[in-house]
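Residues per chain are reported as follows:
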Amino acid sequence: MNHWHSQRFLNEGRDKHVSPEVLAHADAIAKSIKQANAAIPPIFTLRHLAHEVDVPYLFLRDVVARTRDFEPYAVFRLRKSTVGHRPDRFRFICAPHPHLLKTQRWIHEHILSKGMRHSASGAYHPDSRIVDTAKVHCGAKWMVKLDVTNFFESILEPRVYEVFQDFGYQPLVSFELARICTRVRFSGNPIRPKGRSYSIKSYAHNPFIGHLPQGAPTSPMLANLASYDLDEALTSMAKTFGINIKYTRYADDITFSTTDKAFSRENAMKLINQAYEELKSHGLWPNLSKTHIVTPSARKIVLGLLVDGKEPRLSREFKDALRMHIHFLKKPDIGPVGHAERRGFDTVIGLQHHVFGLAAFAIGIENNWGRARMAELRSVNWPTANMYFP
């Protein structure tokens, strides 16, 4: 589908006796989309999308219509950490219905992955690495760290609609794609737009504005594409504080840094206030309790990595945690089964995935140290039925 060929399309349409007017209109739409982004496939209608993905058209129609008795997500509630939140605050994880999951994966692979990311955005892209984002801030003297509250849920359906329009899709298709990629939470007080009219009456069943659901495969990339203007604004704002100011955003984790010793706490407070205003103007709300000014004498950590030298390094806490796992895994009176129970893992293989993942991450940051820990993990007397090696 991505390899669109206008003449082949027209010839096949004529062979199937499609009217010349319909063919000409579809061809013009396809050329318009390809002009906006040559890497993405033309989508003419919702039925066309259903055909390309191979899911039932009426299912997608119900997703877009959002009737109250149709919920295409299984929703799980996880308690948030108390840092910056009340103890009764929860994170909602939304697992899409298999048909919706298949559709969202197709949209992610064939459309969203072809979008242009901002250079300051470090998460959710095929080539994304935490270490690359952290490295931007190596050698910093001052740092300002911000966090966004409810990042995904703050990105609303109208902004998602604009993302698909920027790809070149027609208004109705953009609206349907936006609805497929967003969700309305019926509890609480959902936002309802003023003055919106619907030419397709079934789409008016639930006119409330949706948000990006955490758990949908389309949400991470859409969050980045929807935040492009924010990244541009914060990058420009940072430059007003000096040429040495650097800005990165890794999902909802925002970091400013400078190697300039003359930068001051007063400058940091001005930067924070201006960044808050930019966030609010883009529909986001800062988590005030997670805002930090890191002075020259304090330890510099970005995304869990030390950046006080020329290259990012693993923190002492990370190394101690992995050494602790290895210690108890090798203790004859505890071993993998006992350690999995003590640490709250449902299965030994779950523990294996966790510790081997930590070692693999360490290899990407400090190669020799990580490989040494990986060798120790491989030497553990794992139960034969639970062998897992990456």
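Residues numbered from 1 in each chain as written. Predicted model: local features only at pLDDT ≥ 70, side-chain atom pairs only at ≥ 80, totals over all residues. Heavy atoms only, no water.

A. Looking closely at the overall build of the protein chain. On a plain count of helices and strands, the protein chain comes out with 15 helices and 10 strands. In the protein chain, buried positions account for 46% of the 390 residues. Long-range pairs, those at least 24 residues apart, make up 69% of the contacts in the protein chain with a sequence separation of at least 6. Approximately 20,000 Å² of the protein chain is accessible, and the part contributed by carbon and sulfur atoms is 53%. (Helix = DSSP H or I, 4+ residues; strand = E, 2+ residues; numbered from the N terminus. Buried < 20%, exposed > 50% of the residue type's maximum accessible area, 1.4 Å probe, protein only. Contact = heavy atoms within 4.5 Å. Areas by Shrake-Rupley, 256 points an atom, 1.4 Å probe, with all protein chains shown as cover.)

B. Examining the packing of aromatic side chains more closely. Under the definition given, this model contains 7 aromatic pairs. Centre to centre, the rings of Phe 151 and Phe 152 are 5.8 Å apart; their planes meet at 35°, and the pair counts as tilted. Of the aromatic side chains, those joined through ring pairs into one cluster are Tyr 124, Phe 151 and Phe 152. The side chain of Arg 47 reaches across the aromatic face of Tyr 57, ending 4.0 Å from its centre. Taking NZ or CZ as reference, Arg 373 lies 4.9 Å from the ring centre of Trp 369, over its face. (Phe/Tyr/Trp six-rings, centres within 6.5 Å; stacked < 30°, edge-to-face > 60°. Lys NZ or Arg CZ within 6 Å of the ring centre and 35° of its normal.)

C. Structural view of the confidence of the model for the protein chain. Per-residue pLDDT for the protein chain averages 88, and the proportion of residues at 70 or more is 89%. Of all helices and strands in the protein chain, the one with the weakest mean pLDDT is helix H1 (residues 6-15) (75), whereas helix H5 (residues 98-110) scores best (97). (pLDDT = per-residue confidence, 0-100.)

D. Fine view of helix H8 (residues 171-180). Where burial is concerned, most of H8 is hidden: 8 out of the 10 residues are buried. Among all positions of H8, only Val 173, Ser 174, Phe 175, Glu 176, Leu 177, Ala 178, Arg 179 and Ile 180 are buried.

E. Expanded view of the pairing of strand S3 (residues 142-149). With 8 of 8 residues buried, S3 is to be regarded as a mostly interior element. Side-chain alternation along S3 places Trp 142, Val 144, Leu 146 and Val 148 on one buried face and Met 143, Lys 145, Asp 147 and Thr 149 on a second face that is also buried. Pairing of S3 with strand S5 (residues 253-258) involves 6 bridges; the strand directions are antiparallel. In the sheet register, Leu 146 faces S5, and the bridge partner there is Ile 254. Two strands pair when backbone bridges link them, and S3 and strand S7 (residues 292-294) are joined in this way by 3 bridges, in the antiparallel orientation. Following the sheet pairing, Met 143 is matched in S7 by Val 294. (Pairing = 2+ DSSP bridges.)

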